[in-house]
Amino acid sequence: MSGMTDQQQPGELDSAARLAQAFEQVGKAVGKAVEGWAAQGALGYAYWADYKALSKALKGMTKEQVVRTQAAAKILATACDVELLRPSRNGK
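Residues numbered from 1 in each chain as written. Predicted model: local features only at pLDDT ≥ 70, side-chain atom pairs only at ≥ 80, totals over all residues. Heavy atoms only, no water.

## Regarding the overall build of the protein
Which entries qualify depends on this criterion: Runs of E in the DSSP output that reach at least two residues are strands. Runs of H or I that reach at least four are helices, and both are numbered from the N terminus. Residue exposure (1.4 Å probe, protein chains only): buried if accessible area is under 20% of the type maximum, exposed if over 50%, otherwise partly exposed. Areas reported here follow the Shrake-Rupley algorithm with a probe of radius 1.4 Å; residue values treat only the protein chains shown as occluding.
The secondary structure content of the protein amounts to three helices and zero strands. Shown N-terminal to C-terminal, the secondary structure of the protein runs as helices and strands in the order α-α-α. Relative to its 92 residues, the protein shows a buried fraction of 10%. As presented, the protein carries roughly 7,800 Å² of accessible surface, and 60% of it is formed by carbon and sulfur atoms.

Next comes the structure, spelled out in structure tokens:
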């Protein structure tokens, strides 16, 4: 059985297999973080009306990232609308 020594019980992973599994999980987490940073960057450029940088950021994203960023922007716009309607925002 690959990844298991003669002294291990079935289902136990050796150190190398556990390390490889940990690196795979870290890689997935880093990939998600990078996607999030790209979206945050695009939203930041939009906030500051830096259309040139925004266009460049969007061109560097995958179609799925652009779709997710678009959805996030719509959610943000709706949340801002709700926040601005709060009575506590009157006069602020």
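## Focus on the packing of helix α1 (residues 15-47) against helix α2 (residues 51-59)
As a reminder of what qualifies: Structural elements are reduced to axes, namely lines fitted to C-alpha atoms, with helices fitted over the stretch in contact, and the angle between N-to-C directions of any two is expressed from 0 to 180 degrees. Orientation labels follow simple angle bins: below 35 degrees gives roughly parallel, above 145 gives roughly antiparallel, 65 to 115 gives roughly perpendicular, and whatever is left gives oblique. The hand of a helix crossing depends on one turn: near helix anticlockwise from the far one by less than a right angle means left-handed, and clockwise means right-handed. Pairs of residues are marked as contacts when any of their non-hydrogen atoms sit within 4.5 Å. Amino acid classes used here: Ala, Val, Leu, Ile, Met, Phe, Trp, Tyr, Cys and Pro are nonpolar; Asp, Glu, Lys and Arg are charged; the rest, including Gly, are polar.
Closest axis-to-axis distance for the α1/α2 pair is 8 Å, and the angle between their directions is 160°. Between α1 and α2, the interaxial angle falls into the category roughly antiparallel. Where α1 crosses over α2, the handedness of that crossing is left-handed. Residue-level inspection shows A42, Y45 and A46 of α1 in contact with α2, the latter providing A53, L54, A57 and L58. Residue composition of the contact of α1 with α2, grouped by class: seven nonpolar, no polar and no charged.

## Some details on the packing of α1 against helix α3 (residues 63-85)
Look at α1 against α3: their axes get within 10 Å of each other, and the N-to-C directions meet at 55°. What the angle tells us is that α1 and α3 run oblique. Between α1 and α3 lies a crossing whose hand is right-handed. Every residue of α3 that contacts α1 at E35, A38, A39, A42 and L43 is listed here: Q65, T69 and A73. Residue composition of the contact of α1 with α3, by class: five nonpolar, two polar and one charged.

## Considerations on unusual backbone geometry
The backbone of A49 sits at a positive phi, close to 55°, despite the residue not being glycine. On the secondary structure map, A49 appears in the loop between α1 and α2.

## Focus on a nonpolar patch on the surface
Formally: Like charges within 9 Å and nonpolar side chains (Val, Leu, Ile, Met, Phe, Trp, Tyr) within 5 Å are joined into patches, using only residues over 30% in relative accessible area that form no salt bridge. A pairing counts as a salt bridge when a side-chain nitrogen of Lys or Arg comes within 4 Å of a carboxyl oxygen of Asp or Glu.
Taken together, the side chains of V26, V30, V34 and W37 present a nonpolar region at the surface, about 390 Å² in accessible area. With a relative accessible area of 42%, V34 lands in the partly exposed category.

## Considerations on α1
Defined as follows: Take the number of residues in a helix, subtract one, and multiply by 1.5 Å to get its expected span.
With 33 residues, α1 ought to run about 48 Å at 1.5 Å a step, and its terminal C-alpha atoms sit 47 Å apart, in line with that. Phi for A49, located one or two positions after α1, is positive at around 55°.

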